[in-house]
Amino acid sequence: MQAKTIEGLVGARINTDLINTPRRAYEEAERKGDTATMERAMGYMSEHAGKAEEYRAEAEEGMKEDAKETKEKAELEREEAIQKRKEEREEFEKRIEENKNTDMVEISEDGKAVMRDNAVPDSSASAEANADTVGTEPVVYTKTGEISQSQREPGTNISVSV
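Residues numbered from 1 in each chain as written. Predicted model: local features only at pLDDT ≥ 70, side-chain atom pairs only at ≥ 80, totals over all residues. Heavy atoms only, no water.

Comments concerning the side chain of T5
Selection rule: Numbering of helices and strands starts at the N terminus; helices are DSSP runs of H or I of at least 4 residues and strands are runs of E of at least 2. The cut-offs for exposure are 20% and 50% of the maximum accessible area for each residue type, with area from a 1.4 Å probe on protein chains only; residues under the lower value are buried, those over the upper are exposed, and the others partly exposed.
Secondary-structure assignment places T5 in helix 1 (residues 3-18). A relative accessible area of 1% means that T5 is categorised as buried.

As structure tokens, this is what we get:
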């Protein structure tokens, strides 16, 4: 809450309370028939009522400024949240795009054993080269054809993206 709002509310309340003193003096002067005192009391009452109205207007102005600041702050927070979600979505889409053309096949230990048992030497490759490829760990290649550094742990699921 702004100081302007608080000052306006307090000032209006005090001046409204201060109207009671001249009102009592007016009522007493009215019983006595003293018109001069009644007029003077009426002048004080209207003076305090005018000040109370000024403070009320100041409080309204302060509340409008408070509302404007609150609205601007909410708008800024909303824009920041939208920007954050946009960045997260872009990052997610980037990760999806990177993994889009990645095929991952994992061969279980049983499959490796079967491959070793059934390995038939190729006429174009030596038996030694064939033995080297059968015993190696699974490899993941990037889009550029290089071996990826982040290898999956054995026993994970097969993930194929097309």
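Side note on the confidence of the model for the chain
Cut-off, in case you're wondering: You can read pLDDT as the predictor saying how much it trusts each residue, on a scale of 0 to 100.
For the chain, the average pLDDT comes to 82, and 78% of its residues sit at 70 or higher. Within the chain, no element has a lower average pLDDT than helix 5 (residues 127-134), which sits at 52, and none a higher one than helix 2 (residues 20-32), at 92.

Topic: the environment of R40
The residue R40 is located in helix 3 (residues 35-100) in this model. Residue classification places R40 among the partly exposed residues on the basis of a relative accessible area of 49%. In this structure, the C-alpha to C-alpha distance between R40 and P22, residues 18 residues apart in sequence, is 8.5 Å.

A few points about the packing of helix 1 against helix 3
Heads up, the condition is: Only the stretch in contact is used when fitting a helix axis, every axis being a line fitted to C-alpha atoms; angles between N-to-C directions are given from 0 to 180 degrees. By definition in this entry, angles of less than 35 degrees are roughly parallel, angles greater than 145 are roughly antiparallel, angles of 65 to 115 are roughly perpendicular, and the rest are oblique. Two helices crossing with the near one rotated counterclockwise from the far one by less than a right angle form a left-handed crossing, whereas a clockwise rotation gives a right-handed crossing. The criterion used for residue contact is that any of the two residues' heavy atoms lie within 4.5 Å.
One way to put it is that helix 1 packs onto helix 3 with a least axis distance of 7 Å and a crossing angle of 160°. Taken together, the axes of helix 1 and helix 3 lie roughly antiparallel to each other. Of the two possible hands of crossing, helix 1 and helix 3 adopt the one that is left-handed. Residues K4, T5, E7, G8, L9, G11, A12, N15, T16 and L18 of helix 1 form the contact with helix 3, whose participating residues are H48, K51, A52, Y55, R56, E58, A59, E61, G62, M63, E65 and D66.

Concerning a negative patch on the surface
Cut-off, in case you're wondering: Patches draw on residues past 30% relative accessible area with no salt bridge. Two like charges within 9 Å are joined, as are two nonpolar side chains (Val, Leu, Ile, Met, Phe, Trp, Tyr) within 5 Å. The Shrake-Rupley method, run with a 1.4 Å probe, gives the accessible areas here. Residue values count only the displayed protein chains as cover. For this document, the term salt bridge refers to a Lys or Arg side-chain nitrogen within 4 Å of an Asp or Glu carboxyl oxygen. When charges are counted, neither His nor the chain ends are considered; positive counts come from Lys and Arg and negative counts from Asp and Glu. Positions of charges follow a simple convention, taking NZ of Lys, CZ of Arg, CG of Asp or CD of Glu.
On the surface, a cluster of negative charge is made up of E87, E88, E90, E91 and E93. Tracing the backbone shows E93 in helix 3.

What about the environment of S46?
Take S46: it is sitting in helix 3. Residues S46 and P22, spaced 24 residues apart in sequence, show a C-alpha to C-alpha distance of 9.5 Å.

Observations concerning the packing of helix 1 against helix 2
Basically, it comes down to this: Three classes are used, and their members are as follows: Ala, Val, Leu, Ile, Met, Phe, Trp, Tyr, Cys and Pro are nonpolar, Asp, Glu, Lys and Arg are charged, and the others, Gly among them, are polar.
Two numbers describe how helix 1 lies on helix 2: the axes approach to 4 Å, and their chain directions differ by 15°. Put simply, helix 1 runs roughly parallel to helix 2. Contacts between helix 1 and helix 2 pair T16, D17 and L18 from the former with N20, T21 and P22 from the latter. Looking at the contact of helix 1 with helix 2, its residues break down into 2 nonpolar, 3 polar and 1 charged.

Some thoughts on the pattern of salt bridges
A complete count under the given rule lists 9 salt bridges for this structure. Note that E61 is salt-bridged to K4, the shortest N-O span being 2.5 Å. Taken together, the residues span a long stretch of sequence, with E61 in helix 3 and K4 in helix 1 at a distance of 57 residues. We classify E61 as partly exposed; its relative accessible area is 40%. The shortest N-O distance in the salt bridge between E47 and K51 comes to 3.7 Å.

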